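Here is how the chains run, residue by residue.
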Amino acid sequence: MSGADEPGPDASAEQAEAVSGAPVDRDELGAELDITLRVVLSAFVGGAVGLVAMVPILFVPPFFFDLFRAETLVDVAELGRVLGLEPNLLLGVLVFVAGGTVALPLLFVVAGAFLPPRQPRAARGITFATIMWTGFVLAFWPGEYAGVLFLGLSLAAHWVYGYVLGRVMQRLAYVPQHSV
């Protein structure tokens with residue numbers, strides 16, 4: 001993706017003004033883009049679309065190579081015990097989907113503003129997804145024999161998720177920017 005796809009400072013100012021309804025000082029815009037309801041909702045959409053985009057990579061080849069273990073999704077469903085729910089595969093899938101459409105996008109809205117690269121901001125989703133991938137590997141590791149194939153497929157799937165998350169957010173609103 002080239003820098004030409006990124007809006008210039010005036011376009012970002014107009015975008016921020018349209019979202020917030022308040023005038024934005026163009027001199028201060030480079031330092032900060034606020035988190036708004038539109039940004040949060042665009043993150044939810046980006047997370048949902050990102051999950052749909054990553055499923056063919058994350059589940060189809062591992063199922064074909066017998067790397068997929070449904071037990072790991074049931075293990076994730078252990079979180080349901082807090083609400084008095086018995087862990088099962090459906091609950092595990094629901095927790096996985098909720099994490100990818102709500103929890104991770106919310107975390108990206110806040111943390112993504114501090115991640116590289118500076119431009120294009122949408123590519124920060126890939127950086128974010130790479131960081132989240134490390135936890136995924138620990139939670140869903142299928143066993144010793146899977147090694148490189150599992151690592152490669154799961155990393156590729158997370159890069160797709162992150163790219164789609166960042167791109168959808170940039171398209172529908174913007175990826176927030178905070179000064180540090």
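Scroll up to find the structure this text is about.
The paragraphs below set out a description of the structure included in this document. Everything numeric here is computed off the predicted structure, so don't read it as measured data.

### A short note on the overall build of the chain
Here is step 1: Each helix and strand counted, the chain has eight helices and zero strands in total.
Here is step 2: Along the chain, helices and strands appear, N-terminal first, in the series α-α-α-α-α-α-α-α.
Here is step 3: A separation of at least 24 residues holds for 69% of the contacts in the chain among residues at least 6 apart in sequence.
Here is step 4: For the chain, the exposed surface amounts to about 9,600 Å²; the carbon and sulfur share of it is 69%.

### Here's the deal with the nonpolar core
Here is step 1: Core analysis: the biggest nonpolar cluster contains 28 residues, and Phe 96, Phe 140 and Met 169 have the highest contact counts within it.
Here is step 2: Mapped by element, the contributors of at least two residues to this core are α3 (37-58), α5 (70-76), α6 (89-111), α7 (124-140) and α8 (147-172).
Here is step 3: The contacts of Met 169, once residues within four sequence positions are left out, are Val 39, Ser 42, Ala 43, Phe 108, Val 109, Tyr 174, Val 175 and Pro 176.

### Brief notes about the side chain of Ser 42
Here is step 1: Take Ser 42: it is sitting in helix α3.
Here is step 2: The class for Ser 42 is buried, based on a relative accessible area of 2%.
Here is step 3: Not counting residues within four places of it along the chain, the set of residues in contact with Ser 42 comprises Val 168, Met 169, Leu 172 and Ala 173.

### Considerations on the packing of aromatic side chains
Here is step 1: Enumeration over the complete set of coordinates arrives at six aromatic pairs.
Here is step 2: Each ring, one from Phe 108 and one from Phe 128, has its centre 5.2 Å from the other, and the planes form 55 degrees; the classification is tilted. Placement of the pair is Phe 108 in helix α6 and Phe 128 in helix α7, with a sequence separation of 20 residues. The exposure classification of Phe 108 matches that of Phe 128, with both residues buried.
Here is step 3: With a centroid separation of 5.4 Å and an interplanar angle of 90 degrees, the aromatic rings of Trp 141 and Phe 150 are classed as edge-to-face.
Here is step 4: Members of the aromatic cluster, each reached through a chain of ring pairs, are Phe 59, Phe 96, Phe 136, Phe 140, Trp 141 and Phe 150.

### So, the environment of Ala 77
Here is step 1: The topology assignment puts Ala 77 in the loop between α5 and α6.
Here is step 2: In the structure, Ala 77 is positioned 12 residues away from Leu 89 in sequence and 7.4 Å away in space, judged by C-alpha atoms.

### Looking at the packing of α6 against α8
Here is step 1: Packing of α6 against α8 brings their axes to within 12 Å, and their N-to-C directions diverge by 70 degrees. Taken together, α6 and α8 sit at an angle that is classed as roughly perpendicular. Crossing geometry of α6 relative to α8 is assigned as right-handed. Along its contact with α6, which presents Gly 100, Leu 104, Pro 105, Phe 108 and Val 109, the element α8 presents Tyr 161, Leu 165, Gly 166 and Met 169.

Rules of the game
- Residues numbered from 1 in each chain as written.
- Predicted model: local features only at pLDDT ≥ 70, side-chain atom pairs only at ≥ 80, totals over all residues.
- Heavy atoms only, no water.
- Helix = DSSP H or I, 4+ residues; strand = E, 2+ residues; numbered from the N terminus.
- Contact = heavy atoms within 4.5 Å.
- Areas by Shrake-Rupley, 256 points an atom, 1.4 Å probe, with all protein chains shown as cover.
- Core = buried A, V, L, I, M, F, W, Y, C linked by side-chain atoms within 4.5 Å.
- Buried < 20%, exposed > 50% of the residue type's maximum accessible area, 1.4 Å probe, protein only.
- Phe/Tyr/Trp six-rings, centres within 6.5 Å; stacked < 30°, edge-to-face > 60°.
- Axes fitted to C-alpha atoms, helices over the stretch in contact; angles between N-to-C directions.
- Parallel < 35°, antiparallel > 145°, perpendicular 65-115°, else oblique.
- Left-handed = near helix turned anticlockwise from the far one by under 90°.

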